[in-house]
Structure formats: C-alpha cells, structure tokens
Amino acid sequence: MNWPDLPGAWLTPPSLIASWVAELDGRLAGHVGLSRSGAGDAAPGLWSARAGTRIDATAVVNRLFVAPWARGHGIGGLLMAQAVAEAQERGLHPVLDVVASDTAAAGLYERFGRQLPATVEQQWSPEQKVAVRCHAAAT
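Now for a description of the structure that goes with this document. (Residues numbered from 1 in each chain as written. Predicted model: local features only at pLDDT ≥ 70, side-chain atom pairs only at ≥ 80, totals over all residues. Heavy atoms only, no water.)

**Some words on the overall build of the protein chain**
The helix and strand tally for the protein chain stands at 4 helices and 6 strands. Element order for the protein chain, N to C, with α for helix and β for strand: α-β-β-α-β-α-β-α-β-β. Split into buried and exposed, the 139 residues of the protein chain put 42% on the buried side. For the protein chain, restricting intrachain contacts to residue pairs at least 6 apart in sequence, the fraction spanning at least 24 positions comes to 61%. (Helix = DSSP H or I, 4+ residues; strand = E, 2+ residues; numbered from the N terminus. Buried < 20%, exposed > 50% of the residue type's maximum accessible area, 1.4 Å probe, protein only. Contact = heavy atoms within 4.5 Å.)

Here it is in structure tokens:
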C-alpha cells in the first residue's frame, strides 16, 4: 500500500466536495471521497471527450479504501454507492481512476460502471509511476 506522508492533506484535497467513512463494530473500516477534477486525474478528460461535455460536469470518486480486516462485508460497494449518489444529486457524472494492478478494486469498479478505453501512467512521486485504468459510472 502506498500511504502519503501527510494523510490529512491527502484525504482532504482542496478539490474535495464531500467524503464519508464507514464503521464496522465501532472501528473505522473505510473511506471514500468525491472531488472536482484535479491535475493528474485522467478519467474526467476521457469521459468528457467521449460524452461531449465539459470536465467540470464530472466528479472524481477517490480515496476509496477498506481496511483489510473489514473486507468481505460490502463496505466498498456501500461507500461507492454513496459517492455516486452524491455526484448524481449534484448533476455531476462520477468517474475514477484505479491502479491497474489492484484486481480486487478493479472488480468493484467494473460493477460500478465501465472501463473507459485507456490505461495511463500517473506520477505518484518523483520515483514512482503507476499504471491506472479509467472508469466512469454507467449513464
């Protein structure tokens, strides 16, 4: 797992619209955020080009994670559903990028919608490039 040096800043970027946490048995079990498109987000541009809309008509589902001990309870799906519903209530189309090597997350995101036709590289740090797949919610 890649964890940022400043997790508070990473979880609350300036582009943040809203975020949610999940608890299981009184313990923090997961998190998801919903943000405006920012530098490095590939899915908003791909979706807007495909749909013929502006990038600001999208919202990025991000920072979705479930603690390893809490997996298998549907928490990821519930968090995803909350973020998607909020985006849609705001008239925004939800999109996201997922690390290409994360097959568990990819499965969840494929249930969320569809994969856009791109895998891109993102620079996560000066020494780390990561391949990500772009997804968009079904229309």
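**Here's the deal with the nonpolar core**
Note that soluble globular proteins tend to have their nonpolar side chains buried in a common cluster. Counting residues in hydrophobic clusters, the biggest one holds 27 residues, and the most contacted among them are Ile75, Met80 and Tyr109. When contributions to this core are tallied by element, the ones reaching two or more residues are strand S1 (16-24), strand S2 (27-35), strand S3 (58-66), helix H3 (75-89), strand S4 (93-99) and helix H4 (103-112). Examining the composition of this core, we find that 6 residues originate from one element, H3, more than from any other. Counting 7 residues, the second-largest nonpolar core is a separate cluster that includes Ala42, Ala43, Val95 and Cys134. (Core = buried A, V, L, I, M, F, W, Y, C linked by side-chain atoms within 4.5 Å.)

**Focus on the packing of aromatic side chains**
According to the stated counting rule, one finds 0 aromatic pairs in the structure shown. Note that Arg27 overlies the ring of Trp69, its terminal NZ or CZ placed 3.8 Å from the centroid. (Phe/Tyr/Trp six-rings, centres within 6.5 Å; stacked < 30°, edge-to-face > 60°. Lys NZ or Arg CZ within 6 Å of the ring centre and 35° of its normal.)

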